[in-house]
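Summary of the model geometry
Residues per chain are reported as follows:
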Amino acid sequence: VKYIFVVGGVISGIGKGITGSSIGMLMKSRGYDVFMQKLDPYLNVDPGTMNPIQHGEVYVTEDGFETDLDLGHYERFTDTAFDRRSSVTMGQIYSTVLAKERHGDFQGHTVQVIPHITNEIKSRFFREATPNPNKTTICIIEIGGTIGDIESQPFFEAIRQFKHEIGYQNAIIVCTTLVPYIKASGELKTKPTQQAIRTLQSVGLRADIIACRSEVALDDEIRDKISLFCDVPSNHVFDNADVPTVYEVPLILEKQGIAKAILESLGLQDNVVPNHVR
Ligand code: ADP
(Lines give C-alpha, C1' and ligand atoms only; values in the text may rest on other atoms or scores of the structure.)
Protein backbone atom coordinates (compact mmCIF):
# COMPACT_ATOMS: atom_id res chain seq x y z
CA VAL A 1 0.00 0.00 0.00
CA LYS A 2 1.21 3.50 -0.85
CA TYR A 3 -0.09 6.52 1.04
CA ILE A 4 -1.04 10.06 0.07
CA PHE A 5 -1.74 12.34 3.04
CA VAL A 6 -3.79 15.41 2.16
CA VAL A 7 -3.32 18.25 4.62
CA GLY A 8 -4.44 21.85 4.55
CA GLY A 9 -2.74 25.12 5.35
CA VAL A 10 -3.87 28.74 5.81
CA ILE A 11 -7.62 28.11 6.31
CA SER A 12 -10.05 25.23 6.02
CA GLY A 13 -12.78 25.04 3.44
CA ILE A 14 -10.43 25.53 0.50
CA GLY A 15 -10.82 22.16 -1.12
CA LYS A 16 -8.84 19.50 0.75
CA GLY A 17 -11.70 17.04 0.39
CA ILE A 18 -12.26 17.85 -3.26
CA THR A 19 -8.52 17.69 -4.03
CA GLY A 20 -8.18 14.31 -2.26
CA SER A 21 -11.25 12.94 -4.03
CA SER A 22 -9.98 14.19 -7.39
CA ILE A 23 -6.61 12.53 -6.83
CA GLY A 24 -8.49 9.33 -5.90
CA MET A 25 -10.44 9.51 -9.15
CA LEU A 26 -7.26 10.07 -11.21
CA MET A 27 -5.47 7.16 -9.52
CA LYS A 28 -8.44 4.84 -9.97
CA SER A 29 -8.67 5.78 -13.65
CA ARG A 30 -5.07 4.56 -13.98
CA GLY A 31 -6.05 1.14 -12.66
CA TYR A 32 -4.90 1.54 -9.07
CA ASP A 33 -7.10 0.36 -6.21
CA VAL A 34 -8.01 3.35 -4.10
CA PHE A 35 -9.02 3.49 -0.44
CA MET A 36 -9.84 6.82 1.19
CA GLN A 37 -9.88 7.85 4.84
CA LYS A 38 -10.75 11.02 6.72
CA LEU A 39 -9.09 11.78 10.06
CA ASP A 40 -10.94 14.44 12.02
CA PRO A 41 -9.44 16.23 15.01
CA TYR A 42 -12.67 16.83 16.93
CA LEU A 43 -13.49 14.90 20.11
CA ASN A 44 -16.99 13.78 19.08
CA VAL A 45 -16.78 10.03 18.59
CA ASP A 46 -18.62 10.40 15.28
CA PRO A 47 -20.43 13.30 13.60
CA GLY A 48 -23.86 11.70 14.28
CA THR A 49 -24.38 13.98 17.29
CA MET A 50 -23.18 17.17 15.60
CA ASN A 51 -25.48 19.94 14.46
CA PRO A 52 -25.83 19.62 10.66
CA ILE A 53 -26.37 23.37 10.35
CA GLN A 54 -22.97 23.95 11.87
CA HIS A 55 -21.07 20.97 10.50
CA GLY A 56 -22.88 19.88 7.36
CA GLU A 57 -24.76 16.71 6.57
CA VAL A 58 -23.88 13.37 8.19
CA TYR A 59 -22.94 10.82 5.52
CA VAL A 60 -23.97 7.24 6.27
CA THR A 61 -21.82 4.47 4.81
CA GLU A 62 -23.14 1.14 3.54
CA ASP A 63 -22.36 -0.53 6.88
CA GLY A 64 -24.48 2.06 8.70
CA PHE A 65 -21.68 4.20 10.14
CA GLU A 66 -22.35 7.93 10.60
CA THR A 67 -19.45 9.80 9.03
CA ASP A 68 -18.22 13.18 7.85
CA LEU A 69 -19.77 14.59 4.68
CA ASP A 70 -16.40 14.35 2.92
CA LEU A 71 -17.01 10.59 2.64
CA GLY A 72 -19.78 11.46 0.18
CA HIS A 73 -17.27 13.27 -2.06
CA TYR A 74 -14.89 10.31 -1.83
CA GLU A 75 -17.56 7.83 -2.88
CA ARG A 76 -18.98 9.94 -5.70
CA PHE A 77 -15.59 10.89 -7.18
CA THR A 78 -14.05 7.41 -6.98
CA ASP A 79 -17.26 5.44 -7.55
CA THR A 80 -16.31 3.20 -4.61
CA ALA A 81 -18.28 2.35 -1.46
CA PHE A 82 -16.25 2.87 1.72
CA ASP A 83 -17.08 1.75 5.27
CA ARG A 84 -16.49 2.65 8.90
CA ARG A 85 -12.71 2.29 8.51
CA SER A 86 -12.76 5.44 6.38
CA SER A 87 -13.90 7.73 9.18
CA VAL A 88 -11.59 8.22 12.15
CA THR A 89 -12.07 10.95 14.76
CA MET A 90 -9.83 11.99 17.63
CA GLY A 91 -12.84 11.13 19.83
CA GLN A 92 -12.64 7.49 18.65
CA ILE A 93 -8.88 7.42 19.21
CA TYR A 94 -9.10 8.76 22.76
CA SER A 95 -12.06 6.61 23.76
CA THR A 96 -10.28 3.46 22.51
CA VAL A 97 -7.07 4.34 24.35
CA LEU A 98 -8.97 5.21 27.56
CA ALA A 99 -10.95 1.94 27.40
CA LYS A 100 -7.65 0.04 27.03
CA GLU A 101 -6.24 1.96 30.01
CA ARG A 102 -9.23 1.00 32.20
CA HIS A 103 -8.86 -2.60 31.03
CA GLY A 104 -5.26 -2.60 32.21
CA ASP A 105 -3.75 -3.18 28.77
CA PHE A 106 -0.87 -0.75 29.33
CA GLN A 107 0.42 -2.71 32.35
CA GLY A 108 1.14 0.18 34.66
CA HIS A 109 2.79 2.46 32.09
CA THR A 110 1.98 6.16 32.05
CA VAL A 111 -0.49 6.62 29.19
CA GLN A 112 0.68 9.47 26.94
CA VAL A 113 -0.06 11.17 23.61
CA ILE A 114 3.25 9.77 22.34
CA PRO A 115 3.31 6.76 22.04
CA HIS A 116 -0.21 5.63 23.02
CA ILE A 117 -2.37 8.07 21.07
CA THR A 118 0.00 8.17 18.08
CA ASN A 119 0.19 4.34 17.99
CA GLU A 120 -3.61 4.12 18.01
CA ILE A 121 -3.75 6.64 15.12
CA LYS A 122 -1.18 4.65 13.10
CA SER A 123 -3.15 1.44 13.71
CA ARG A 124 -6.13 3.02 11.93
CA PHE A 125 -4.25 3.65 8.66
CA PHE A 126 -5.56 1.25 6.00
CA ARG A 127 -3.06 -1.60 5.48
CA GLU A 128 -4.80 -4.21 3.37
CA ALA A 129 -2.88 -4.95 0.21
CA THR A 130 -4.92 -6.27 -2.72
CA PRO A 131 -4.78 -10.05 -3.22
CA ASN A 132 -3.35 -9.42 -6.70
CA PRO A 133 0.46 -9.14 -6.32
CA ASN A 134 0.72 -7.00 -9.47
CA LYS A 135 -1.66 -4.38 -8.16
CA THR A 136 -0.91 -1.52 -5.77
CA THR A 137 -3.46 0.01 -3.46
CA ILE A 138 -3.20 3.74 -2.97
CA CYS A 139 -4.63 4.94 0.31
CA ILE A 140 -5.52 8.63 0.45
CA ILE A 141 -5.84 10.04 3.95
CA GLU A 142 -7.23 13.51 4.52
CA ILE A 143 -6.54 15.30 7.79
CA GLY A 144 -9.39 17.57 8.89
CA GLY A 145 -8.72 21.14 10.03
CA THR A 146 -5.47 22.91 9.22
CA ILE A 147 -1.80 22.39 10.02
CA GLY A 148 -0.97 24.04 13.33
CA ASP A 149 -4.30 23.35 15.06
CA ILE A 150 -3.62 22.25 18.64
CA GLU A 151 -5.93 19.26 18.46
CA SER A 152 -4.51 17.81 15.24
CA GLN A 153 -0.87 17.70 16.42
CA PRO A 154 -1.02 13.94 17.27
CA PHE A 155 -2.12 13.23 13.67
CA PHE A 156 0.91 15.04 12.25
CA GLU A 157 3.28 13.32 14.68
CA ALA A 158 1.73 9.95 13.74
CA ILE A 159 2.26 10.73 10.04
CA ARG A 160 5.87 11.74 10.70
CA GLN A 161 6.57 8.45 12.50
CA PHE A 162 4.68 6.44 9.90
CA LYS A 163 6.66 7.94 6.99
CA HIS A 164 9.86 7.14 8.87
CA GLU A 165 8.74 3.55 9.43
CA ILE A 166 7.48 2.69 5.95
CA GLY A 167 10.00 4.68 3.89
CA TYR A 168 9.72 8.07 2.27
CA GLN A 169 8.79 6.82 -1.20
CA ASN A 170 5.79 5.01 0.23
CA ALA A 171 4.01 8.03 1.68
CA ILE A 172 3.78 11.56 0.32
CA ILE A 173 2.13 14.74 1.48
CA VAL A 174 -0.17 16.90 -0.61
CA CYS A 175 -0.72 20.28 0.99
CA THR A 176 -3.63 22.48 -0.09
CA THR A 177 -3.19 26.20 0.55
CA LEU A 178 -4.87 29.48 -0.26
CA VAL A 179 -3.21 31.93 -2.64
CA PRO A 180 -5.22 35.13 -2.18
CA TYR A 181 -5.79 37.49 -5.07
CA ILE A 182 -5.59 41.17 -4.17
CA LYS A 183 -7.95 42.86 -6.60
CA ALA A 184 -6.76 46.46 -6.15
CA SER A 185 -3.17 45.62 -7.12
CA GLY A 186 -4.06 42.64 -9.31
CA GLU A 187 -1.57 40.44 -7.46
CA LEU A 188 -1.54 36.85 -6.17
CA LYS A 189 0.13 36.50 -2.77
CA THR A 190 2.26 33.50 -1.82
CA LYS A 191 3.11 34.43 1.81
CA PRO A 192 0.25 32.45 3.43
CA THR A 193 1.41 29.36 1.47
CA GLN A 194 5.01 29.88 2.60
CA GLN A 195 3.86 30.16 6.21
CA ALA A 196 1.72 27.03 5.97
CA ILE A 197 4.66 25.04 4.59
CA ARG A 198 6.90 26.34 7.40
CA THR A 199 4.34 25.24 9.99
CA LEU A 200 4.36 21.82 8.35
CA GLN A 201 8.17 21.77 8.48
CA SER A 202 8.05 22.67 12.17
CA VAL A 203 6.35 19.32 12.87
CA GLY A 204 8.97 17.48 10.85
CA LEU A 205 7.06 17.11 7.59
CA ARG A 206 7.67 18.46 4.11
CA ALA A 207 5.16 18.85 1.34
CA ASP A 208 5.75 16.84 -1.84
CA ILE A 209 2.92 18.46 -3.78
CA ILE A 210 1.25 21.84 -3.22
CA ALA A 211 -2.28 22.45 -4.52
CA CYS A 212 -3.10 26.14 -4.40
CA ARG A 213 -6.68 27.34 -4.24
CA SER A 214 -6.94 30.69 -5.96
CA GLU A 215 -9.52 32.80 -7.71
CA VAL A 216 -7.37 32.98 -10.82
CA ALA A 217 -4.92 30.51 -12.36
CA LEU A 218 -1.29 30.71 -11.18
CA ASP A 219 1.30 32.02 -13.66
CA ASP A 220 4.82 30.62 -13.97
CA GLU A 221 6.34 33.38 -11.87
CA ILE A 222 4.09 32.57 -8.89
CA ARG A 223 4.69 28.84 -9.34
CA ASP A 224 8.47 29.40 -9.32
CA LYS A 225 8.22 31.56 -6.23
CA ILE A 226 6.21 28.93 -4.34
CA SER A 227 8.66 26.29 -5.57
CA LEU A 228 11.67 28.21 -4.27
CA PHE A 229 10.27 29.23 -0.90
CA CYS A 230 8.44 25.98 -0.18
CA ASP A 231 11.16 23.60 -1.34
CA VAL A 232 9.22 21.68 -3.99
CA PRO A 233 9.95 21.43 -7.74
CA SER A 234 7.84 23.97 -9.71
CA ASN A 235 6.12 21.11 -11.57
CA HIS A 236 4.81 19.98 -8.17
CA VAL A 237 2.86 23.23 -7.66
CA PHE A 238 -0.72 23.03 -8.93
CA ASP A 239 -3.61 25.40 -9.00
CA ASN A 240 -7.11 24.56 -8.02
CA ALA A 241 -8.75 27.69 -9.39
CA ASP A 242 -12.48 28.33 -8.93
CA VAL A 243 -14.52 26.26 -11.37
CA PRO A 244 -18.31 26.23 -11.93
CA THR A 245 -18.69 22.67 -10.63
CA VAL A 246 -16.40 20.61 -8.37
CA TYR A 247 -16.52 17.74 -10.88
CA GLU A 248 -14.20 19.83 -13.08
CA VAL A 249 -11.47 19.79 -10.44
CA PRO A 250 -10.06 16.35 -11.46
CA LEU A 251 -9.92 17.62 -15.05
CA ILE A 252 -8.00 20.82 -14.26
CA LEU A 253 -5.58 18.90 -12.03
CA GLU A 254 -5.12 16.21 -14.69
CA LYS A 255 -4.30 18.85 -17.31
CA GLN A 256 -1.55 20.23 -15.09
CA GLY A 257 -0.05 16.75 -14.64
CA ILE A 258 -0.75 16.13 -10.95
CA ALA A 259 -1.06 12.35 -11.42
CA LYS A 260 2.38 12.13 -13.03
CA ALA A 261 3.95 14.15 -10.19
CA ILE A 262 2.27 11.99 -7.54
CA LEU A 263 3.12 8.68 -9.19
CA GLU A 264 6.74 9.73 -9.69
CA SER A 265 7.00 10.72 -6.02
CA LEU A 266 5.57 7.35 -4.99
CA GLY A 267 7.80 5.44 -7.39
CA LEU A 268 4.78 4.08 -9.29
CA GLN A 269 4.18 3.67 -12.98
CA ASP A 270 1.91 6.14 -14.80
CA ASN A 271 -0.54 3.83 -16.60
CA VAL A 272 -2.47 4.78 -19.70
CA VAL A 273 -5.45 7.00 -18.98
CA PRO A 274 -8.78 6.32 -20.64
CA ASN A 275 -10.09 9.11 -22.87
CA HIS A 276 -12.95 10.20 -20.61
CA VAL A 277 -10.59 11.83 -18.11
CA ARG A 278 -8.50 13.66 -20.65
P1 ADP B 1 -11.92 21.35 2.95
O2 ADP B 1 -11.84 19.84 2.87
O3 ADP B 1 -10.59 22.03 2.77
O4 ADP B 1 -12.66 21.85 4.13
P5 ADP B 1 -13.74 21.03 0.73
O6 ADP B 1 -12.99 20.14 -0.19
O7 ADP B 1 -14.84 20.43 1.52
O8 ADP B 1 -12.75 21.83 1.67
O9 ADP B 1 -14.29 22.24 -0.15
C10 ADP B 1 -14.96 23.35 0.45
C11 ADP B 1 -15.98 23.91 -0.51
O12 ADP B 1 -15.35 24.47 -1.65
C13 ADP B 1 -16.92 22.83 -1.02
O14 ADP B 1 -18.23 23.33 -0.92
C15 ADP B 1 -16.54 22.61 -2.46
O16 ADP B 1 -17.70 22.35 -3.17
C17 ADP B 1 -15.89 23.94 -2.85
N18 ADP B 1 -14.77 23.82 -3.81
C19 ADP B 1 -13.62 23.10 -3.66
N20 ADP B 1 -12.80 23.25 -4.73
C21 ADP B 1 -13.44 24.10 -5.58
C22 ADP B 1 -13.11 24.68 -6.88
N23 ADP B 1 -11.96 24.41 -7.49
N24 ADP B 1 -14.01 25.52 -7.45
C25 ADP B 1 -15.17 25.79 -6.82
N26 ADP B 1 -15.54 25.30 -5.63
C27 ADP B 1 -14.70 24.46 -5.00
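Thresholds applied
- Residues numbered from 1 in each chain as written.
- Predicted model: local features only at pLDDT ≥ 70, side-chain atom pairs only at ≥ 80, totals over all residues.
- Heavy atoms only, no water.
- Salt bridge = Lys/Arg side-chain N within 4 Å of Asp/Glu carboxyl O.
- Helix = DSSP H or I, 4+ residues; strand = E, 2+ residues; numbered from the N terminus.
- Near = heavy atom within 4 Å.
- Polar contact = N/O pair within 3.5 Å; in protein donor to acceptor, adjacent residues only side chain to side chain.
- Nonpolar A, V, L, I, M, F, W, Y, C, P; charged D, E, K, R; others polar.
- Buried < 20%, exposed > 50% of the residue type's maximum accessible area, 1.4 Å probe, protein only.
- Contact = heavy atoms within 4.5 Å.
- pLDDT = per-residue confidence, 0-100.
- Disulfide = S-S within 2.5 Å.

Under the criterion given, the structure shown has 23 salt bridges. The residue Lys-38 makes a salt bridge to Asp-68 at a minimum N-O spacing of 3.3 Å. Here Lys-38, found in strand β2 (residues 33-40), pairs with Asp-68, found in the loop between β4 (66-67) and α3 (70-78); they are 30 residues apart in sequence, far enough to count as distant. Two residues, Arg-206 and Asp-208, come together in a salt bridge whose shortest N-O distance is 4.0 Å.

Moving on: the site of the ligand. In the vicinity of the ligand lie 15 residues, with Lys-16, Gly-17, Ile-18, Asn-240 and Ala-241 positioned nearest. Contact between the ligand and Ile-14: an oxygen atom at 3.3 Å from a main-chain N or O atom of the residue. Between the ligand and Glu-142 there is a distance of 3.3 Å, counted from an oxygen atom to a side-chain nitrogen or oxygen. At three residues, the largest contribution of residues to the shell around the ligand is made by helix α1 (residues 16-28). Residue composition of the shell around the ligand, by class: six nonpolar, four polar and five charged.

For the rest of this paragraph, the subject is helix α10 (residues 258-266). Burial runs high along α10: seven of the nine residues are buried. Every buried residue of α10 is listed here: Ile-258, Ala-259, Ala-261, Ile-262, Leu-263, Ser-265 and Leu-266.

A few words on the side chain of Ser-227. Turning to its location among the elements, Ser-227 is positioned in helix α8 (residues 220-230). Within polar-contact distance, the side chain of Ser-227 engages the backbone nitrogen of Ser-234 at 3.3 Å. With sequence-adjacent residues up to four places away left out, Ser-227 is seen in contact with Val-232, Pro-233, Ser-234 and Val-237.

Looking along the chain, the bond that leaves Ile-114 and enters Pro-115 is cis, with omega of 15°. The residue Gln-107 is not glycine, and still its phi comes out positive at about 50°. With respect to the helices and strands, the residue Gln-107 is situated in the loop between α4 (90-103) and α5 (113-124).

Below, the discussion takes up the environment of Gly-144. Within the secondary structure layout, Gly-144 lies in the loop between β6 (137-143) and α6 (153-166). Since its relative accessible area comes to 2%, Gly-144 is described here as buried. In contact with Gly-144, other than residues within four places in its own chain, are Lys-16, Lys-38, Leu-39, Asp-40 and Pro-41.

Model confidence for the protein is summarised by a mean pLDDT of 92, while 97% of its residues fall at 70 or above. The complex prediction reports pTM at 0.93, with the ipTM value standing at 0.95.

Here we take up the state of the cysteines. Under the counting rule described, the total for this entry stands at zero disulfides. Cys-175 takes part in no disulfide bond, and the closest cysteine sulfur to it belongs to Cys-230, at a distance of 8.4 Å. With relative accessibility at 0%, the residue Cys-175 sits in the buried group. The thiol sulfur of Cys-230 is not disulfide-bonded, and the nearest other cysteine sulfur, from Cys-212, lies at 7.9 Å. Relative accessible area serves as the criterion here: at 2%, Cys-230 is assigned to the buried category.

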